[in-house]
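Understanding the architecture of this molecule
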Amino acid sequence: MNNLEGLYKSLWESLIRPQRRKYSNYDLGGTKFSRAGTFARRLDFELKNCLGESIYTSVYFPCDANFSLRSLQSVVIYCHTLNGDRVEGVQEIPVLLEKGILAVIFDFRASGRGNGEFVTLGWLEAFDLDELIRFSREKLRMSNIGLWGRSMGAAASVFYLSETWRKEAKDWLWRHHGKKIEFMPKSAVDGIVLDSCLESLRNSAVNLAQKRSPIPEVVIDMALSILDSKMAEKTHINIPMISPSKYLKEVKTPLLMVSGTEDQLVPVQTFLALFSLAGSAVKQFKLFEGTHTQVRPIEVGQAVINFFEEIFAARRSYSRVRQIEKLLLEEVGQSYSALLSDAI
């Protein structure tokens, strides 16, 4: 029984109520941000998701060395890990700023300074993404939007871009909170990076338990049963619901998937299976030597920026072609009207 109680407590504290790191605004890099040869101005915002929970957000506007703003069209929203917060993104964003891409980092609803209480490994966190994408489009006026999710952040991105999750989320929100929501269109997101995307809460819990010490499968199943009941009581979310692998086939957005060859939470064979499930016609993957939690090597950052630059350039070209088509149609229409007038 002690093993069962200890395992349940460990899983609960690791996956649902992970310890939050305290950080200061100093950790966010200053209002005039300078790192790795890049320069930006930082502005902080407090947004609200549809649950009324705060999303503490920092936006980094690329600048030149004199901190004069550069021309901006594109934004990438960095979505942090299970045990992370927006400070995690500070080390990732210079590669974006260097290329003139606006960077957004934030605390998910139950992480960092967020005032949510329980983590759901992306299911409820996906509500945050809707508000951030709306903010990027309507307030920041960005033409191109990308999501860069790692671990839980990757799972949240998958949920958000799935039509099935959107239907389930609307139903959940109405049943448990009496609220309605109209999501931003999935087409508002031009590209996504999924770094070490979790397959499911159940498999993550099993891999985590087996990683720490040999535990009989029956004990793991009993602990998960208790965890499931407690989650349902506290969040109205249960373990089977948190399974990004079930939703990946619905993700049509261009994507890059990344994972470490020594990742024990998302083993290579699991990662490759997830990649094959992704429904996007434009998809790439990259493996690197490393684990689930370690700092990503330079090659990963370079692959990410190459991906976003390619996707954003393609989107701008497509938009330009559509604009030209519209102008031509308008000209043809005007010419046709003129011909009719002459004939009459």
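Residues numbered from 1 in each chain as written. Predicted model: local features only at pLDDT ≥ 70, side-chain atom pairs only at ≥ 80, totals over all residues. Heavy atoms only, no water.

1. Observations regarding helix H8 (residues 217–235)
For H8, which comprises 19 residues, the first-to-last C-alpha distance of 26 Å matches the rise-based estimate of 27 Å (1.5 Å per residue) to within 8%. Inspection of H8 places Val219, Ile220, Ala223, Leu224, Leu227, Met231 and Thr235 among the buried residues, and these make up the whole buried set. One side of H8 holds all its buried residues, which, seen down the axis, span an arc of 130°. Residues of H8 that are exposed and point over 90 degrees away from its buried face: Val218 and Glu233. Of the residues flanking the end of H8, it is His236, one or two places downstream, whose phi is positive at about 65°. (Helix = DSSP H or I, 4+ residues; strand = E, 2+ residues; numbered from the N terminus. Expected span 1.5 Å × (residues − 1). Buried < 20%, exposed > 50% of the residue type's maximum accessible area, 1.4 Å probe, protein only. Arc of directions from axis to C-beta.)

2. Observations concerning the sheet that holds strand E8 (residues 255–260)
Pairing within the open sheet is mixed, and its 9 strands lie in the order E1-E2-E3-E5-E4-E6-E7-E8-E9. The sheet terminates laterally at strand E1 (32–35) and strand E9 (283–288), the two strands that pair on one side only. Across the sheet, the mean angle from the axis of one strand to that of its neighbour is 20°, orientation sign disregarded. Relative to E8, strand E7 (residues 191–195) runs parallel, the two sharing 4 bridges. Along E8, the bridge assignment pairs Leu194 with Met257. Against the sheet, helix H5 (residues 152–160) engages strand E4 (74–79), strand E6 (144–150) and E7, with an angle of about 130° to E6. Contacting E8 and E9, helix H9 (residues 268–277) runs over the sheet at an angle of about 170° to E9. (Pairing = 2+ DSSP bridges. Axes fitted to C-alpha atoms, helices over the stretch in contact; angles between N-to-C directions. Contact = heavy atoms within 4.5 Å.)

3. Quick word on unusual backbone geometry
Even without a glycine there, the phi angle at Ser151 is positive, about 60°. The residue Ser151 is located in the loop between E6 and H5 in this model. Residue class for Ser151 comes out buried when judged on its relative accessible area of 4%.

4. Concerning the pattern of salt bridges
For the coordinates displayed, the defined rule picks out 16 salt bridges. With its nearest N and O atoms 3.7 Å apart, the salt bridge here joins Glu46 to Lys48. Since its relative accessible area comes to 42%, Lys48 is described here as partly exposed. In this structure, Asp130 and Arg134 form a salt bridge, with 2.7 Å as the shortest nitrogen-oxygen distance. Linking Asp130 with Arg134, this pair stays in helix H4 (residues 126–139), spanning 4 residues, or about one helical turn. Take Asp130: its relative accessible area is 4%, and that puts it in the buried class. You can call Arg134 partly exposed: its relative accessible area is 21%. (Salt bridge = Lys/Arg side-chain N within 4 Å of Asp/Glu carboxyl O.)

5. Observations concerning the pairing of E4
For E4, the buried fraction is high: 6 of the 6 residues fall into the buried class. Burial along E4 is two-sided: the residues Ser74, Val76 and Tyr78 and Val75, Ile77 and Cys79 are all buried. Bridge count between E4 and E6: 6 bridges; the pairing is parallel. Bridge pairing links Tyr78 to Trp148 in E6. With 4 bridges connecting them, E4 and strand E5 (residues 102–106) associate as parallel partners.

6. A word on H4
Since there are 3.6 residues in each turn of an α-helix, residues three or four apart along the chain are aligned in direction. Between its terminal C-alpha atoms H4 stretches 20 Å, which fits the 20 Å expected from 14 residues at 1.5 Å a residue. Those residues of H4 that sit buried are Ala126, Phe127, Asp128, Leu129, Asp130, Leu132, Ile133, Phe135 and Ser136. Arg141 lies just past H4 and shows a positive phi near 60°.

7. Comments concerning the pairing of E9
Strand direction decides the pairing type here: E8 and E9, joined by 6 bridges, are parallel. Within E9, the residue paired with Leu256 across the bridge is Gln284. In terms of handedness, the path from E8 via H9 over to E9 forms a crossover that is right-handed. (Right-handed = clockwise from strand over helix to strand, strands pointing away.)

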